[in-house]
Every structure is written in structure tokens, then in C-alpha cells.
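Results of the structural survey
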Amino acid sequence: MRLLTTLLAPKSIAHAHCDLPCGVYDPAQARIEAESVKAIAEKYASNADPEFRARALVIKEQRSELVKHHLWVLWTDYFKPPHFEKYPQLHQLFNEATKLAGATGTKGSVDVAKADELLAKIEEISKIFWETKKA
């Protein structure tokens, strides 16, 4: 039995948005995480407790990583070549948004202005996303 289990075990494991192309996409997932990042940055600034601040930084970095994840899912799984042809700024928007969620943006700082910039980029992406859903 052990030999059979070994033979039938997957040789590699793939990770995706979901286990099956469900077709459920929404920039709201990235926006909600980005709003959380902004709220945490504001709470961090108003609290001097070192333990609270350390915890806030860890959570903010996790949420920033989730923003990047949700943006990448949209960028790589939802948007297709016809979208990029119709909206040539999309690649640049996603690049800028993911960088704003990364080490040079909200993941690497507690600057509320960076979180606002990130939210603005997500809003631009969201407008295009909903336009594509109408078509």
C-alpha cells in the first residue's frame, strides 16, 4: 500500500487563486486589505506602546503582501491580451500598485500617504476592471 501511495503522490504541487478556474475576481479584495494597511499605519502613529507597534508592523506587512497577491491574481488571471490592448496603461498601473504594496511602499513603511497612493492605484484598476465586466 505504501508503494502505491508513493507512486500516486503528486510530483509537484501548484498553488493558484483557487483549485479550479472559478472566474470570481474582484479588486475589492485588494482594496479591503489596503484599507487595513492604512488603518494600521494610522493606529501605529497614534500609539507609542512598543509591543503594540511591533505587532502592528507584522500585521501591516502581512496585509501588504495580501494586497500584492490579490493584485497579481487580477493581473495574471483575470486580465487578458484584449484588455491590455484596450487599456495600455494597465501593466504600468499594476506595476506601480504592487510596488506601492511592497518594500518601497506600504510593506516597508508606516507612511499613511503611501497607503493613500496605493488605494488610488487600486481605484484606477477597479474602474477599468468594472468597465471590462460591462463588455
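All values reported here derive from a predicted model rather than from experimental measurement. (Residues numbered from 1 in each chain as written. Predicted model: local features only at pLDDT ≥ 70, side-chain atom pairs only at ≥ 80, totals over all residues. Heavy atoms only, no water.)

Remarks on helix 6 (residues 112–134)
The terminal C-alpha atoms of helix 6 lie 33 Å apart, and with 23 residues this matches the ideal 33 Å at 1.5 Å per residue to within 8%. All of the buried residues in helix 6 are Ala115, Leu118, Leu119, Lys121, Ile122, Ile125, Ser126, Ile128, Phe129 and Thr132. The opening residue of helix 6 is Asp111, an N-cap whose side-chain oxygen sits 2.9 Å from the backbone nitrogen of Ala113. (Helix = DSSP H or I, 4+ residues; strand = E, 2+ residues; numbered from the N terminus. Expected span 1.5 Å × (residues − 1). Buried < 20%, exposed > 50% of the residue type's maximum accessible area, 1.4 Å probe, protein only. Polar contact = N/O pair within 3.5 Å; in protein donor to acceptor, adjacent residues only side chain to side chain.)

Topic: the pattern of salt bridges
Inspection of the entire model under this criterion finds seven salt bridges. Salt-bridge contacts for Asp116 lead to Lys38; the nearest nitrogen and oxygen are separated by 2.7 Å. Placement of the pair is Asp116 in helix 6 and Lys38 in helix 2 (residues 28–45), with a sequence separation of 78 residues. (Salt bridge = Lys/Arg side-chain N within 4 Å of Asp/Glu carboxyl O.)

A few points about the nonpolar core
Judged by nonpolar contacts, the single largest core of 24 residues is most densely connected at Val67, Leu71, Phe79, Phe94 and Leu118. Secondary-structure elements contributing two or more residues to this core are helix 2, helix 3 (50–78), helix 5 (90–100) and helix 6. (Core = buried A, V, L, I, M, F, W, Y, C linked by side-chain atoms within 4.5 Å.)

What to know about the confidence of the model for the protein chain
Mean pLDDT over the protein chain works out to 91, with 87% of the residues at or above the 70 mark. Helix 1 (residues 2–8) is the least confidently modelled element of the protein chain, averaging 68 in pLDDT, while helix 2 averages 98, the highest of any element. (pLDDT = per-residue confidence, 0-100.)

A short note on the environment of Ala115
Mapping Ala115 onto the fold places it in helix 6. Relative accessible area serves as the criterion here: at 1%, Ala115 is assigned to the buried category. As a C-alpha pair, Ala115 and Ala34 span 81 residues in sequence and 6.7 Å in three-dimensional space. When sequence neighbours within four positions are dropped, the list of residues in contact with Ala115 reads Lys38 and Thr106. (Contact = heavy atoms within 4.5 Å.)

As for helix 3
One turn of an α-helix holds 3.6 residues; hence residues three or four places apart share an orientation. A rise of 1.5 Å per residue sets the reference length of helix 3, with its 29 residues, at 42 Å; its end C-alpha atoms lie 41 Å apart and thus fit the reference within 8%. Where helix 3 is concerned, the buried positions are Ala56, Lys60, Ser64, Val67, Lys68, His70, Leu71, Val73, Leu74, Trp75 and Tyr78. Along its buried surface, helix 3 packs onto helix 2, helix 4 (81–86), helix 5 and helix 6.

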